[in-house]
Amino acid sequence: MFIPLIFLLIENEDDRQFFESIYVDHHRLMYAQALQITRNGQEAQDAVSDAMMALLKKIDLLRSLPCNKLRSYLVITVRHQAINLYNRKKREQPMDDTVLTAFPGADRVEDGLMEQSGVERIKEAIALLPPREKEIMLMRYFREMTDEEIAAEMGIRAVSVRVHLSRARKHLADLLAGREGME
Amino acid sequence: MNRQEELLRQACAMLAEEETNALENSLSPAAKAEAEKLYRQHRLKIFALIQKETKKKKGAFPFLLKAAACLMLIAGAAWIGLHQHHPDPIPMTPLPSASIVPYYSPVPTETIIPTHAPEETAIPTLTPDPTSTPTPVPTITPTFTLTPTPSPTFTPLPTRTPDVAEAAPAVIPEETSGTAPGQWQGVYFPQALPEGYAIADTEEDSSSRSIVYTKDTSSIIFTEYNLQKAMTIQEGAKLSYVQIGDQIGLKMETDNAVTLSWEMDGHTLSITCTAADAEEIAASVKKVSR
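None of these values were measured; they are calculated from a predicted model.

In this structure, what is going on with the overall build of chain B? I would like to understand it.
The helix and strand inventory of chain B stands at 5 helices and 9 strands. When the helices and strands of chain B are listed from N to C terminus, the series reads α-α-α-α-β-β-β-β-β-β-β-β-α-β. Counting across all 290 residues of chain B, residues that qualify as buried make up 26%. Here the contacts in chain B between residues at least 6 apart in sequence split such that 47% fall between residues at least 24 apart. Accessible surface for chain B amounts to roughly 21900 Å². Of this, 60% is attributable to carbon and sulfur atoms.

I keep staring at the overall build of chain A and nothing clicks. Help me out?
In terms of regular secondary structure, chain A is built from 10 helices and 0 strands. Reading the secondary structure of chain A in the N-to-C direction produces α-α-α-α-α-α-α-α-α-α. Residue burial in chain A is summarised as follows: out of 183 residues, 56% are buried. Residue pairs in contact within chain A that sit at least 24 positions apart in sequence constitute 73% of those at least 6 positions apart. Carbon and sulfur atoms make up 54% of the accessible area of chain A, which amounts to about 8700 Å² in all.

Would you take a moment to explain the packing of helix α8 (residues 131-141) of chain A against helix α10 (residues 158-176) of chain A for this structure?
Two numbers describe a pair of packed helices, the interaxial angle and the distance between the axes. All names here are of chain A. Relative to each other, α8 and α10 sit at 110 degrees, their axes nearing to 9 Å. One way to sum up the angle between α8 and α10 is to call them roughly perpendicular. Across from E133, I136, M137, R140 and Y141 in α8, the residues of α10 making contact are V161, H164, L165, R167, A168, R169, H171 and L172. Among the residues making up the contact of α8 with α10, the classes are represented as 7 nonpolar, 2 polar and 4 charged.

Would you take a moment to explain the interface of chain B and chain A for this structure?
It is common to give the size of an interface as the accessible area lost on bringing the parts into contact. On the side of chain A, 55 residues touch chain B, which itself brings 48 residues to the contact. With both chains or domains summed, chain B and chain A bury close to 5000 Å², and 69% of this area falls on carbon and sulfur atoms. Among the residues of chain B in contact with chain A, Q4, L8 and L23 of chain B are the three that bury the most area, contributing 12% of the side total. At the boundary of chain B and chain A, one finds 6 salt bridges. R79 of chain A is paired through a salt bridge with E19 of chain B; the nearest N and O atoms lie 2.7 Å apart. The interface formed by chain B and chain A contains 14 residue pairs in polar contact (both at pLDDT 80 or more).

Whenever I open this one, the sheet that holds strand β5 (residues 238-244) of chain B confuses me. Can you help?
Strand-to-strand pairing in sheets goes through backbone hydrogen bonds, with the strands running parallel or antiparallel. All names here are of chain B. One open sheet accounts for 7 strands, arranged β2-β3-β4-β8-β7-β6-β5; its pairing is antiparallel. Each of the sheet's edge strands pairs with one partner strand only, and the pair in question is β2 (198-204) and β5. If you compare each strand with its neighbour and ignore which way they point, the axes differ by 20 degrees on average. Inspection of the sheet shows strand β3 (residues 208-215) paired to strand β4 (residues 218-225) by 8 bridges, in the antiparallel sense.

How should I be thinking about the nonpolar core in this particular structure?
In globular proteins that are soluble, nonpolar side chains generally tend to be buried together. Within the largest apolar cluster, 69 residues are counted, with the highest numbers of intra-cluster contacts made by F19, V48, M52, L62, I126 and M137 of chain A. In terms of residues, this core owes the most to one element, helix α1 (residues 2-38) of chain A, which gives 11 residues. Each residue touching M52 of chain A, except ones within four places of it in the same chain, is listed here: F19, Y23 and M30 of chain A together with I46, L49 and I50 of chain B. Ranked by size, the runner-up nonpolar core spans 21 residues in total, among them I211, L260, W262 and I271 of chain B.

In this structure, what is going on with the pattern of salt bridges? I would like to understand it.
Side chains carrying opposite charge are able to pair once their charged atoms draw close together. Here the structure, examined in full by the defined rule, presents 24 salt bridges over all chains. Where D147 of chain A meets R140 of chain A, a salt bridge forms, and the shortest distance between an N and an O atom there is 2.5 Å. Across the pair, R140 of chain A and D147 of chain A agree in class, each one buried. A salt bridge links K238 of chain B to E253 of chain B, with the nearest nitrogen and oxygen atoms 4.0 Å apart. Remark: E253 of chain B occurs in strand β6 (residues 247-253) and K238 of chain B occurs in strand β5; sequence separation between them is 15 residues. Note on K238 of chain B: relative accessible area 54%, which makes it exposed. Here the residues in one salt-bridge network are R79, K134 and E135 of chain A together with E19 of chain B, joined through shared partners.

Help me understand helix α7 (residues 119-128) of chain A, please; the structure alone is not making it clear to me.
Because each turn of an α-helix spans 3.6 residues, side chains separated by three or four positions end up pointing in the same direction. Looking only at α7 of chain A, the buried set comprises V119, I122, K123, A125 and I126 of chain A. Buried residues of α7 of chain A, seen end-on, are gathered within an arc of 165 degrees and therefore sit on one face of the element.

Help me understand unusual backbone geometry, please; the structure alone is not making it clear to me.
If you check the backbone angles, E144 of chain A has positive phi at about 55 degrees while not being a glycine. The exposure class assigned to E144 of chain A is partly exposed, which follows from its relative accessible area of 33%. Within the chain, D265 of chain B stands out as a residue other than glycine whose phi angle is a positive 50 degrees. Relative to the helices and strands, D265 of chain B resides in the loop between β7 (258-264) and β8 (267-273).

Analysis parameters
- Per-chain numbering applies: the sequence of each chain, read as written, is numbered from 1 onward.
- To read the labels, note that chains go from A and ligands from 1, taken in the order they are written.
- In view of the model being predicted, local features appear only for residues whose pLDDT reaches at least 70, and side-chain atom pairs are presented and counted only at 80 or more, with totals across whole chains, interfaces and linings using the full set of residues.
- Side-chain measures here rest on the full set of heavy atoms in the structure, leaving out hydrogens and waters.
- Strands are runs of DSSP state E lasting at least 2 residues, helices are runs of H or I lasting at least 4, and numbering of each runs from the N terminus.
- Each residue is assigned to one of three classes by its accessible area relative to the maximum for its type, calculated with a 1.4 Å probe on protein chains only: buried under 20%, partly exposed between the two thresholds, exposed over 50%.
- Only heavy atoms matter for contacts: two residues are in contact if any of them lie within 4.5 Å across the pair.
- Each accessible area is a Shrake-Rupley result for a 1.4 Å probe, and residues are judged covered by the shown protein chains and nothing else.
- A fitted line through C-alpha atoms represents every axis, and for helices the fit uses only the stretch in contact; the resulting angles, taken between N-to-C directions, go from 0 to 180 degrees.
- Oblique is the label for every angle not falling under 35 degrees (roughly parallel), over 145 degrees (roughly antiparallel), or within 65 to 115 degrees (roughly perpendicular).
- Nonpolar residues are Ala, Val, Leu, Ile, Met, Phe, Trp, Tyr, Cys and Pro. Charged residues are Asp, Glu, Lys and Arg, and all others, Gly as well, are polar.
- When two parts are put together, the accessible area they lose, computed with a 1.4 Å probe and summed over both, is reported as buried area.
- When a carboxyl oxygen of Asp or Glu lies within 4 Å of a side-chain nitrogen of Lys or Arg, that pair is called a salt bridge.
- Counting of polar contacts relies on pairs of N or O atoms within 3.5 Å, with two restrictions inside protein: one atom must be capable of donating a hydrogen and the other of accepting it, and residues adjacent in sequence are counted only when both atoms are side-chain atoms.
- Criterion used throughout: strands pair if DSSP finds at least two bridges between them.
- Only buried Ala, Val, Leu, Ile, Met, Phe, Trp, Tyr and Cys residues count toward a nonpolar core, and they belong to the same one when joined by side-chain atoms within 4.5 Å.
- The directions from the helix axis to the C-beta atoms are what the arc is built from.

Following this line, the structure appears as C-alpha cells:
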C-alpha cells in the first residue's frame, strides 16, 4: 500500500536533492556574484533567493547541462537577478520600455557574417555590447529563456524584449563587420 | 534551430564560462569569507524554498496520472487477492484406513451396569370420548375505552435580561491550548519536558524569548522568535528534516547537542537539547492559553 505512495514522492525527492547539491556546491560563487553587484548582504541573499526560484523552473535544462556550463548558468542567473534587484532598488526603470523601435531588418543584417566570424569572434563581440544588450543576449541564448520569461524577469513587455534583442543583434553585426570598435 | 542561433548559443556559453572563471579568480579571501557568511545565514531559508518548490513544481496532470496508476495498481492487487484460488498451504494425503487408530474404543454393551433402574409408573393415555361434543372456544373481543384527560397547562417562566458580560460570546478554548510558566510571555510552549529539569534562566528581547531548563549538566533551551528566521548552522552539523506535527523542521546534530527548528503560524521555534529527546519535546509544543 505504501509503495505506490513512495513512488509518488521519488521524483520530488530527487529534484530536491539535485537542487540542494548544486546550491551547496556553488554557493560561494553565487553569493560573491550577487554581492559584487548589490554591495549589500541582504540584497545579495534576496538575489540568490530569486535566482533559485528562477532556476527551479528550469530543472530539466539544468539536469542536461555539463558541470562547467551548469556553474556558469547559476552564476549568470544570479547576476541577472542581482542586476534586476539593484535596478528596482534604485527605482530606475530597468530598461526604457516606451521609446524603443526595432531596427528594420536587423535579424537579417548578420546573415553570413556570423558564419564567417566564428564562435570566438562572436563571443568577443557580445562581450563588447552595452551591458543591457549583453545580458539580454545571455538570457536568450545562454539561459534559453523565452521572450515572455525575459519580460517577466526584467519587468518589461515581451514586445520590448524582441526590440532589445533586435537592437543587440544589430550592434553585434556592426561589431563583427568592423563598423564599431572591434579590432 | 538555425546555424546563427547555434553560433550565438555557443558564443554566449563560452562568454558565460569565461566570465564565471574571471569572477572566481578575482575573489579575494575577504570576498570569499563574506560569501560564506551570507551562505551560512541564508541556507536554511534556501533549503526550505527548495523543499517547498520541488513539492509543488510538478504539475497536477502528471501527479493525477500517477495517482490514478497507483489506485489502479492497488485495485488490481485487491481484485487478484480476492479472486485467486489459494491451494491449501499444507497438502493433505489420505492415510490408509488400516493405520487409523481410534482415539477411543467403544465399550461393549454387556459391560454397562445400570446404577439405578427407573421406577415403572403407568402413564395414562388419553382416549377421546366419541360421545362428547366439543365445546366451542369463546372468542375474546378486546374493548378499549379512551377517557380524555385534560392537557397540562404550562406557565411561562419569568424572563430575565442578561448582563452585558453574559451577552458576549463564550470563549471556546482551543483544543490545542497549553500552559506555560508565569514568566513565559511567548505564544508557544512545550507541554512535556523530561523529569528533573528546572528553570535556570529566561531571556527576552523585542524579537525573541528563551527559557533554559537544566538538570545536572544537561540543558534544554526553548526559543521563540516573533518572525520567520533562518537559523545559524554550526560548522560540521549533521542536517536532516523531521516531521513536527504538520510542519517540517530542520534537525541539526552536533557532537554534544541537537537543535530542532521549525515554524508555527509565523513564529520560528527552536529547541536545543544536550541529552533529552528534542523531537518528543517539540511534538508537545502548543499554543499557550492565557
